[in-house]
Amino acid sequence: MTTTPSTGRRAVLPLRPELADEEPYGAPQLDVPVLLNVNENPYPPDDDVVATIAAEVTRAARSLNRYPDRDFPALRADLADYLMLESGVCMEGFDVWAANGSNEVMLHLLQAFGGPGRTALSFAPTYSMYPEYARDTHTTWVTGRREEDFTLDPDAAVAAVAEHRPSVILLTSPNNPTGTALPTATIEAVLAAARDVDVDGTGAPAVVVVDEAYAEFRRAGTPSALALLADHPHLAVSRTMSKAFALAGARVGYLAASRELVDALRVVRLPYHLSAVTQATARAALRHRESLLAQVDTLRTERDGLVAWLRAQTHADGTPFEVAESDANFVLFGRFADRHAVWQGLLDHGVLIRETGPDGWLRVSVGTTAETAAFRDALTQVLLKEEA
Ligand SMILES: *Cc1c(COP(=O)(O)O)cnc(C)c1O
């Protein structure tokens, strides 16, 4: 803050001009019974997971006088094993990188491959944090458009790459806030176009980042971009332990890519960026990957049920809701003439969802069965009131 609390006078600070009117991120953190606003896993870690984490953190505490392992090879190997188990893709020959949430992984990517005079490209509507990483690394931010149904037309994507000649391309699959996953052919088309960018006349391709924060929730038959790593050294596939893994509080995000790409990230990371406690926590949680992934199946079933229920709802004038296809643990639905009124009405019933996405749309995270029921009841009441 630039105000001095005691006097209310505005302190003069040499703030970068482009930050002058910026607000800190963003989603309201309110104390409400039903929290369906930031796509968390609604199930807290079970007692077994908590016990393993506590034991490993205790062990790590005994050497907290020392700096942690800067390159954390044990955690990286565990994450590679997990990716192999989850996707069936062989990770041999690829490297894994991790940081404090995939937010920091993305920052590393833009620090290494963006920068002044360079451009990062994504396709709107998409994750609201990307422009902030671009801003903070002095990278120009541009967006192409998704279609009306939030899919990405491969020809339009290729044309946007040719037009903007970005050094970094961010593809989000499944996309936030829409839930839309990208077909492999679309990602391959962008990877091919990225090869032709010739960044700064060096002959280098653009780096293509596929943000798979929600990958574990994808429906059967939806591919992961991990399968494309073998042929594309300019591809990075990022994941997080914040969503499916029910570990948002620990702040662990990671990516898989070629050795060369990961080596570039090691140059820009802060020394010792991943604390010994974080490394121990993540490794402990990964030991319970099978039980954690079993929970993901429950959430996917819950998600499909929620999509079906929302599709059966109608507005006051009898037109059905629009509901985006979702491969994630949230659903985008609408459109409402006054979405803020619907959001506020739900909040008045103790249900917090997210006012995000294009005009008129709202996003709800998939909660426990009881939370989803509370959301359905609250929405039914809010809509009845709107009609009255
Ligand atoms: C939630 C989310 C992330 C994960 O962020 P963390 O920093 O790992 O918690 C990354 N990308 C998208 C699109 C997300 O919605």
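Residues numbered from 1 in each chain as written. Predicted model: local features only at pLDDT ≥ 70, side-chain atom pairs only at ≥ 80, totals over all residues. Heavy atoms only, no water.

(A) A look at the site of the ligand. The environment of the ligand is made up of 14 residues, and the closest members are Asn103, Tyr214, Thr240, Ser242 and Lys243. Between the ligand and Asn103 there is a distance of 2.3 Å, counted from an oxygen atom to a side-chain nitrogen or oxygen. Here an oxygen atom of the ligand sits 3.4 Å away from a polar atom, N or O, in the side chain of Lys243. Relative to its unbound accessible area of 390 Å², the ligand is 94% covered by the protein chains. Because more than half of its atoms lie within 2 Å of the grid, the ligand is assigned to the largest pocket. With 3 residues, helix H3 (residues 101-113) is the single largest residue contributor to the shell around the ligand. The residue makeup of the shell around the ligand, split by class, is 4 nonpolar, 7 polar and 3 charged. (Near = heavy atom within 4 Å. Polar contact = N/O pair within 3.5 Å; in protein donor to acceptor, adjacent residues only side chain to side chain. Areas by Shrake-Rupley, 256 points an atom, 1.4 Å probe, with all protein chains shown as cover. 1 Å grid on protein atoms, 1.4 Å probe; cavity = no way out; pocket = protein on both sides within 12 Å on 5 of 7 lines; lining within 4 Å. Sits in = over half its atoms within 2 Å of the grid points. Helix = DSSP H or I, 4+ residues; strand = E, 2+ residues; numbered from the N terminus. Nonpolar A, V, L, I, M, F, W, Y, C, P; charged D, E, K, R; others polar.)

(B) Representation of the pattern of salt bridges in the model. A complete count under the given rule lists 24 salt bridges for this structure. Glu325 serves as the salt-bridge partner of Arg219, at 2.8 Å between the closest nitrogen and oxygen. Of this pair, Arg219 sits in the loop between strand E6 (207-211) and strand E7 (235-240) while Glu325 sits in the loop between strand E9 (322-323) and strand E10 (330-334), and the two are 106 residues apart along the sequence. (Salt bridge = Lys/Arg side-chain N within 4 Å of Asp/Glu carboxyl O.)

(C) Up close: the sheet that holds E9. Strand order in the open sheet formed by 3 strands is E9-E10-E12, with antiparallel pairing between adjacent strands. The sheet is open, and its two edges are formed by E9 and strand E12 (362-365), each paired on a single side. Note that E9 and E10 share 2 bridges and pair antiparallel. Residue Val323 lies in a different strand from E10, and its bridge partner there is Phe333. Strands in contact with helix H9 (residues 289-311) are E9, E10 and E12; relative to E10, the strand with the most contacts, it is inclined by about 5°. (Pairing = 2+ DSSP bridges. Contact = heavy atoms within 4.5 Å. Axes fitted to C-alpha atoms, helices over the stretch in contact; angles between N-to-C directions.)

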